[in-house]
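# Coordinates in review
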Amino acid sequence: MSNLDTRVVDATECRATHSSQPVEDPDADFVVSAQDGDCEAFEELVRRHSQLIYRVLVAILRDRDEAEDAMQDTFLSAFKYIRGFQWRSKFSTWLVSIARNAALQRLRHRKDTESLDAVELGEDGYFGPRQVRTWHDDPEQYYSKVEIQHIVEQGILQLSTKYRVVVMLRDVQQLSGPEVARQLGLTVSAVKIRLLRGRLMLRDLLAPCFSKNAT
Amino acid sequence: MMTCEEFFAEFGDYLENRVSPELRMELEQHRRHCRECDVLFDSTSKAIKIVSESNSFDLPQNVSAQIIERVMAKLKSGPK
């Protein structure tokens with residue numbers, strides 16, 4: 001089973017009542033206040049991380065409406081358990097793990113075994129790119145920004161889950177490779193492999209729109 | 001000169017700009033002599049740029065505000 005799995009956030013973390021020293025985390029002050037029940041501090045944390053959490057949820061669920069509902073569940077769970085958060089990771093990493101669990105529960109509920117398998121299986125065989133046509137230098141000569149966004153979103157949604165999540169966090173959300181690894185509980189080398197395969201697959205999926213023979 | 005297989009082994013790091021200057025020179029030399037690898041690098045770089053600049057799956061401000069409002073309303077009304 002991959003590390004992008006279904007474990008509920010570390011149970012000891014949820015139950016613990018004593019926090020240790022915060023790790024270096026830009027959210028630290030707000031987390032400490034939220035742990036004392038300060039709703040405004042928690043609201044700031046929600047604002048800071050809503051885009052990240054939304055993209056993680058869309059990447060797993062492939063459904064914007066369901067991602068919005070799961071986002072609400074994620075933040076409600078986070079508030080419920082925040083007093084037990086013990087700084088073993090950055091707050092955002094902890095939040096992403098709650099979001100992943102919320103999404104996986106929904107996949108199970110809808111009996112989406114294909115997506116569940118894709119999330120939980122290990123690496124598969126070698127993937128080699130298939131398209132070798134040159135691409136246009138400026139796609140905006142051929143498509144509007146809205147069209148490009150639509151084409152890219154459709155392409156990303158066609159990737160299998162383990163590639164989709166990594167491409168979403170690295171290339172769309174623009175986290176660093178090590179940060180993606182931390183957020184997903186993967187090794188940096190596993191992220192590198194998934195990222196390269198995901199990028200090559202996405203390139204093949206986008207080629208019909210952006211290669212020179214296409215327009 | 002490096003083979004296509006050797007080029008592909010370094011491809012991920014090359015895309016991420018994480019190769020030494022010496023290795024970069026070798027990779028670029030290979031690209032000058034191999035059209036397929038040159039197109040592969042150029043098109044994959046362009047795909048990454050398109051994806052990065054696409055604002056894909058942007059959470060609209062109004063949707064974000066509604067979700068935050070719902071979450072905070074539940075937190076303030078529900079049991080702690």
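Here goes a summary of the coordinates provided. (Residues numbered from 1 in each chain as written. Chains lettered and ligands numbered in written order. Predicted model: local features only at pLDDT ≥ 70, side-chain atom pairs only at ≥ 80, totals over all residues. Heavy atoms only, no water.)

## Thoughts on the interface of chain B and chain A
Cut-off, in case you're wondering: Whether two residues are in contact is decided by their heavy atoms: any pair within 4.5 Å suffices. By buried area we mean how much accessible surface two parts lose on assembly, using a 1.4 Å probe and totalling the loss over both. Basic side-chain nitrogens of Lys or Arg form a salt bridge, by our definition, when they fall within 4 Å of a carboxyl oxygen of Asp or Glu. Pairing of N or O atoms within 3.5 Å defines a polar contact, subject to two protein rules: one partner must be a possible hydrogen donor and the other a possible acceptor, and residues neighboring in sequence count only if both atoms are side-chain atoms. Runs of H or I in DSSP of at least four residues are treated as helices and runs of E of at least two as strands, each being numbered from the N terminus.
Facing the 36 residues of chain B at the interface are 47 residues of chain A. By the criterion of area lost to chain A, the three top residues of chain B are B:Ile50, B:Val51 and B:Phe57, representing 19% of everything that side buries. The shortest N-O distance in the salt bridge between B:Asp58 and A:Arg55 comes to 4.0 Å. Where chain B touches chain A, the interface holds 16 residue pairs in polar contact (both at pLDDT 80 or more). Sort the elements by how many residues they give to the side of chain B that touches chain A and helix α4 (residues 35-52) of chain B lands first, with twelve residues.

## Describing the packing of helix α4 (residues 64-81) of chain A against helix α5 (residues 61-77) of chain B
How two helices sit against one another is set out by the angle between their axes and by the gap between those axes. To keep things clear, this is the line we draw: To obtain each axis, a line is fitted to C-alpha atoms, and for helices this fit is confined to the stretch in contact; angles are then taken between N-to-C directions over 0 to 180 degrees. Orientation categories follow fixed angle ranges, with anything under 35 degrees roughly parallel, anything over 145 roughly antiparallel, 65 to 115 roughly perpendicular, and all other angles oblique. Each crossing gets its hand from how the near helix is turned against the far one by less than a right angle, where anticlockwise is left-handed and clockwise is right-handed. Each residue receives one of three labels: charged for Asp, Glu, Lys and Arg, nonpolar for Ala, Val, Leu, Ile, Met, Phe, Trp, Tyr, Cys and Pro, and polar for the others, Gly being one of them.
Packing of α4(A) against α5(B) leaves a shortest axis separation of 10 Å and a crossing angle of 40°. Here α4(A) lies oblique to α5(B), going by the angle between them. Crossing handedness for the pair α4(A) and α5(B): right-handed. On α5(B), the residues touching A:Glu68, A:Met71, A:Gln72, A:Phe75, A:Leu76 and A:Phe79 of α4(A) are B:Val63, B:Ile67, B:Arg70, B:Val71, B:Lys74 and B:Leu75. By residue class, the composition of the contact of α4(A) with α5(B) is eight nonpolar, one polar and three charged.

## A look at helix α8 (residues 161-172) of chain A
Residues and elements named next belong to chain A. Going by this rule: Between buried and exposed lies partly exposed: a residue is buried under 20% and exposed over 50% of the maximum accessible area for its type, with that area taken using a 1.4 Å probe on protein chains only.
The element α8 is extensively covered by neighbouring structure, given that twelve of its twelve residues are classed as buried. All of the buried residues along α8 are Thr161, Lys162, Tyr163, Arg164, Val165, Val166, Val167, Met168, Leu169, Arg170, Asp171 and Val172. Positive phi appears at Gln174, one or two residues downstream of α8, with a value of about 60°.

## A word on the state of the cysteines
Covalently bonding the sulfur atom of one cysteine to the sulfur atom of another cysteine gives a disulfide. Residues and elements named next belong to chain B. Threshold: When two cysteine sulfur atoms lie within 2.5 Å, the pair is treated as a disulfide.
Within this structure, the stated rule accounts for zero disulfides over all chains. Between Cys4, a cysteine without a disulfide, and Cys34, which holds the nearest cysteine sulfur, the sulfur-to-sulfur distance is 3.7 Å. Cys34 takes part in no disulfide bond, and the closest cysteine sulfur, belonging to Cys37, lies 3.6 Å away. Cys34 gets classed as buried once you look at its relative accessible area, which sits at 13%.

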